[in-house]
2 protein chains.
Amino acid sequence: MKYGFGIDLGGTTVKIAYFEETGKMLDKWEIPTVTENGGSQILPDIARSIRQYMDGKHIADSGILGLGIGVPGPVNAKGVVNKCVNLGWGVFNISETLQSLTGFPVKAGNDANVAALGEFWKGGGQGCDNMVFVTLGTGVGGGIVVEGNLLHGAHGSGAEIGHLVLNRDETVPCNCGKYGCVEQYCSATGIVRMAKRHLESTETPSVLRDLKELTCKDIFDAGKAGDKAALEVLEQFYAYMGEFLGNVCSTVNPEVVVIGGGVSKAGDMLISGITPYFKKYVFHAASAAKFTLASLGNDAGAYGAFKLALDAFGK
Amino acid sequence: MKYGFGIDLGGTTVKIAYFEETGKMLDKWEIPTVTENGGSQILPDIARSIRQYMDGKHIADSGILGLGIGVPGPVNAKGVVNKCVNLGWGVFNISETLQSLTGFPVKAGNDANVAALGEFWKGGGQGCDNMVFVTLGTGVGGGIVVEGNLLHGAHGSGAEIGHLVLNRDETVPCNCGKYGCVEQYCSATGIVRMAKRHLESTETPSVLRDLKELTCKDIFDAGKAGDKAALEVLEQFYAYMGEFLGNVCSTVNPEVVVIGGGVSKAGDMLISGITPYFKKYVFHAASAAKFTLASLGNDAGAYGAFKLALDAFGK
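This structure is a prediction, so every number in the text was calculated from the model and none was measured.

**A look at the overall build of chain A**
Along the backbone of chain A there are 10 helices and 12 strands. Relative to the compact-globule value of 20 Å for 315 residues, chain A shows a C-alpha radius of gyration of 20 Å, a close match. Here the C-alpha coordinates of chain A stretch approximately 65 × 45 × 35 Å along the principal axes. Scored against the burial criterion, the 315 residues of chain A give a buried share of 61%. For chain A, the proportion of contacts with a sequence separation of at least 24, taken over those separated by at least 6, is 60%. Counting every atom, chain A has about 12,500 Å² of accessible surface; 50% of that belongs to carbon and sulfur. Chain A carries 27 positive and 32 negative side-chain charges, and their two centres are separated by 2 Å.

**Structural notes on the environment of C249 of chain A**
Residue and element names in this part refer to chain A. Note that C249 resides in helix α8 (residues 228–252). Considered as a pair, C249 and S201 are 48 residues apart in the sequence and their alpha carbons are 33 Å apart. Apart from residues lying up to four places away in sequence, C249 is in contact with P254, V257, F278, V282, A286 and A289.

**Some words on the packing of helix α4 (residues 111–122) of chain A against helix α10 (residues 300–313) of chain A**
Residues and elements named next belong to chain A. Contact geometry for α4 and α10: axes closest at 6 Å, N-to-C directions at 85 degrees. With respect to α10, the element α4 is oriented roughly perpendicular. Packed against α4, whose contacting residues are V114, A115, L117, G118, E119, W121 and K122, the element α10 presents A300, G301, Y303, G304, A305, F306, K307, L308 and L310 at the interface. Partitioned by chemical class, the residues of the contact of α4 with α10 number 10 nonpolar, three polar and three charged.

**Details of the sheet that holds strand β4 (residues 64–71) of chain B**
All names here are of chain B. Strand order in the open sheet formed by five strands is β3-β2-β1-β4-β7, and the pairing between neighbours is mixed. The open sheet terminates on both sides in strands that have one partner only, identified here as β3 (25–32) and β7 (106–110). The average undirected angle you get between the axes of adjacent strands in this sheet is 15 degrees. Those strands touched by helix α2 (residues 42–57) are β1 (3–9), β2 (13–20), β3 and β4, and its axis lies near 140 degrees from that of β3.

**Quick notes on the nonpolar core**
Formed by 108 residues in total, the largest nonpolar core has its most connected members in F237 of chain A together with F237 of chain B. When near neighbours in sequence (up to four residues on either side) are disregarded, F237 of chain B contacts L136, Y185, C186, I191, M194, F220, V263 and L270 of chain B.

**Brief notes about the interface of chain B and chain A**
Many descriptions give the size of an interface as the accessible area lost when the pieces come together. Each side of the interface is counted separately: chain B has 42 residues, and chain A has 42 residues. Counting the surface chain B buries against chain A, the share from its top three residues, R168, T251 and F283 of chain B, is 20%. Here chain B and chain A share two salt bridges between them. Counting the contacts that link chain B with chain A gives 22 residue pairs in polar contact (both at pLDDT 80 or more). At the level of elements, β9 (140–146), α8 (228–252) and α9 (268–281) of chain B are the ones that each hand at least two residues to the side of chain B that touches chain A.

**With respect to unusual backbone geometry**
Within the chain, K83 of chain A stands out as a residue other than glycine whose phi angle is a positive 70 degrees. Positionally, K83 of chain A belongs in strand β5 (residues 80–84). Since its relative accessible area comes to 52%, K83 of chain A is described here as exposed. The backbone phi angle of N37 of chain B is positive, close to 55 degrees, even though this residue is not glycine.

**Structural notes on the relation of the copies chain B and chain A**
The relation between the two chain copies is a rotation about an axis coupled with a shift along that axis. Least-squares fitting of chain B to chain A yields an RMSD of 0.0 Å, with the transformation described by 0.0 Å of translation along the axis and a rotation of 180 degrees. Read as a symmetry element, the transformation amounts to a two-fold axis. Both copies share a contact surface, since 100% of the interface residues of chain B are interface residues in chain A too.

**Remarks on the sheet that holds strand β8 (residues 131–136) of chain A**
Residue and element names in this part refer to chain A. Strand order across the open sheet formed by five strands is β10-β9-β8-β11-β12, with mixed pairing between neighbours. Looking along the sheet, the strands with just one partner apiece sit at the ends: β10 (149–150) and β12 (290–293). Note that strand β11 (residues 256–260) and β12 share four bridges and pair parallel. Bridge pairing in β12 links I259 to L293.

**Remarks on the confidence of the model for chain A**
Per-residue pLDDT for chain A averages 95, and the proportion of residues at 70 or more is 100%. As a predicted assembly, this complex carries a pTM of 0.91 together with an ipTM value of 0.91.

**Regarding the packing of α8 of chain B against α9 of chain B**
Angle between the axes and distance between the axes: these two values describe a pair of packed helices. Residue and element names in this part refer to chain B. The contact between α8 and α9 brings their axes to 7 Å, and the two run at 55 degrees. The angle between α8 and α9 places the two elements in the oblique class. Pair α8 / α9 crosses with right-handed handedness. Here α8 contributes L234, E235, F237, Y238, A239, M241, G242, E243, L245, G246 and C249 to the contact with α9, which in turn contributes M269, L270, G273, I274, Y277, F278 and Y281. A breakdown of the residues in the contact of α8 with α9 according to their chemical character gives 13 nonpolar, three polar and two charged.

**Re the side chain of N93 of chain A**
Residue and element names in this part refer to chain A. As for its placement among the helices and strands, N93 is situated in strand β6 (residues 89–93). In terms of polar contacts, N93 uses its side chain to reach the backbone carbonyl oxygen of K78, at 3.1 Å. Leaving out residues up to four positions away in the same chain, N93 has contacts with K78, G79 and V80.

**A word on helix α10 (residues 300–313) of chain B**
Within an α-helix, residues lying three or four positions from one another point in the same direction, as the helix has 3.6 residues per turn. Residue and element names in this part refer to chain B. The end-to-end C-alpha separation of α10 is 20 Å, in line with the 20 Å expected for 14 residues at 1.5 Å each. Judged by how many residues are buried, α10 sits mostly within the fold: 11 of 14 residues are covered. Regarding α10, the residues found buried are A300, G301, A302, Y303, G304, A305, F306, K307, L308, A309 and L310.

**Looking at the state of the cysteines**
Residue and element names in this part refer to chain B. Enumeration over the complete set of coordinates arrives at zero disulfides over all chains. Of all cysteine sulfurs in the structure, the one in C176 sits closest to C84, which takes part in no disulfide; the separation is 17 Å. C176 takes part in no disulfide bond, and the closest cysteine sulfur, belonging to C181, lies 3.7 Å away.

Reading guide: rules and limits
- Residues numbered from 1 in each chain as written.
- Chains lettered and ligands numbered in written order.
- Predicted model: local features only at pLDDT ≥ 70, side-chain atom pairs only at ≥ 80, totals over all residues.
- Heavy atoms only, no water.
- Helix = DSSP H or I, 4+ residues; strand = E, 2+ residues; numbered from the N terminus.
- Rg over C-alpha atoms; globule rule 2.2 N^0.38 Å.
- Buried < 20%, exposed > 50% of the residue type's maximum accessible area, 1.4 Å probe, protein only.
- Contact = heavy atoms within 4.5 Å.
- Areas by Shrake-Rupley, 256 points an atom, 1.4 Å probe, with all protein chains shown as cover.
- Lys, Arg positive; Asp, Glu negative; His and termini not counted.
- Charge placed at Lys NZ, Arg CZ, Asp CG, Glu CD.
- Axes fitted to C-alpha atoms, helices over the stretch in contact; angles between N-to-C directions.
- Parallel < 35°, antiparallel > 145°, perpendicular 65-115°, else oblique.
- Nonpolar A, V, L, I, M, F, W, Y, C, P; charged D, E, K, R; others polar.
- Pairing = 2+ DSSP bridges.
- Core = buried A, V, L, I, M, F, W, Y, C linked by side-chain atoms within 4.5 Å.
- Buried area = accessible area lost by both parts, 1.4 Å probe.
- Salt bridge = Lys/Arg side-chain N within 4 Å of Asp/Glu carboxyl O.
- Polar contact = N/O pair within 3.5 Å; in protein donor to acceptor, adjacent residues only side chain to side chain.
- Least-squares fit on C-alpha atoms with pLDDT ≥ 70 in both.
- pLDDT = per-residue confidence, 0-100.
- Left-handed = near helix turned anticlockwise from the far one by under 90°.
- Expected span 1.5 Å × (residues − 1).
- Disulfide = S-S within 2.5 Å.

Have a look at this one:
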């Protein structure tokens, strides 16, 4: 039996997990992400933490097949990071650097892509060959699996489906600098923004008008309770989701679409809201895609990162 | 040296080509596609034509590595055809059927996908790993290559990018039954349709108003000559192309976008028209994609079909 590590590198913490090659997670812990000095300490900190763990558990180097790591930015198939703004990183080969720090072979991927691989392997996409993963959180991220392999893209920015253009007439810019991206409507932030616009532009009475700080959860809760304005906002959100996921599925034709991120806590309501719009907008031959919810939560990235290493270095 | 056949099965003719494993096309010919009786004669006709050719040239069965075939409809990775309306075909395994008729192993793919593979291998996409191919003809077809492999999709309908929704407010249905598909604006037919709409809704003087039958070529020719109405129509077309290809590239992140089909005869004018809109709409990390024109013309399908067989059965 061989073992390995899956690392989910985020802007505030690094999640590290120790796996059996079967995919069983044996242990997990977190260390802080130190972004000072251009993030130069991050990889040495990870290497040290893994070494300490191995020493503490008396794990021999020979038992380790390798390391996988998910990174919050574009990474190409060779491991070249192309700027991780949140970490202060520029352009360098993370696989080579982390390998020389640890002595173990390293495979790297973009964090959303890697989380997709985790859900594909052990979560909502288990058993399929082709999958689209979308995370609806502060932003909208994505990951695509084609015949069992992650779509990295030529420049490590495959599956940036949060930045498809959904509304070419948008006047407010997206964080990415473009106008009318999916993320501006379908992220938690985007849903709140749509709700505020809707409340301002209509007279519909709504419990949402009484709230000091409007959250995405408030809108779903009000919708469940039958609040008309909330339902109108959610309907617009479902329509946008159905259209953009329809376009992604006409392109990729997956068996399964897995929805994760904070907004996915809305659960089956979300899937039943999106489905009729998806059927309306998707190409008929790609319409059989099944919608499921992500099931690994915060561990998806660690699972996917280890799977990257397993695919690259396992037997 | 081994050899094989690449077959491009169309609604009116079947193009068959004989290849060296190096990719050199040694011979090519056509036979009619007989669609009577639910297209039941098509595969026997192909098998007979190949056998006659081999007999005439004294080619031994042992020298043949296999056959590849591109089909005008969805085909999954296992070779199951899911209805080819133009051929009268239902659901069956074309690889198994053609293998039992010829005695050679067969690999099948969708025609647009297979043409994409041909351009990837020997045409406009040579030397890249990730490619998006779009054909602008009577309709709009597509093909996607991810790390050297064709994206077939779970149901054989990957890369149906002619049916992404570009205009959710469209009131006229697309041939596929949906509303506002790319094909309704960016095919040769779609460009003519946009021009007619534009001429009807404006007073702009135009040479196009004097034509009895308006063709796509007329519009490009008038545009080249500086006709204002034609230029306005082309500008709208370029904007749509840039937006939809921007979305496809934000999803797939290819090195190269290859444009083929009749409309691509407009040449560099097309690429320079699309590029600024593409840059506007694509996600920045995927914006380095290079645009090229297809270079294999009608042979792309045969090249790609043989490449399918070579990848599956070659050494």
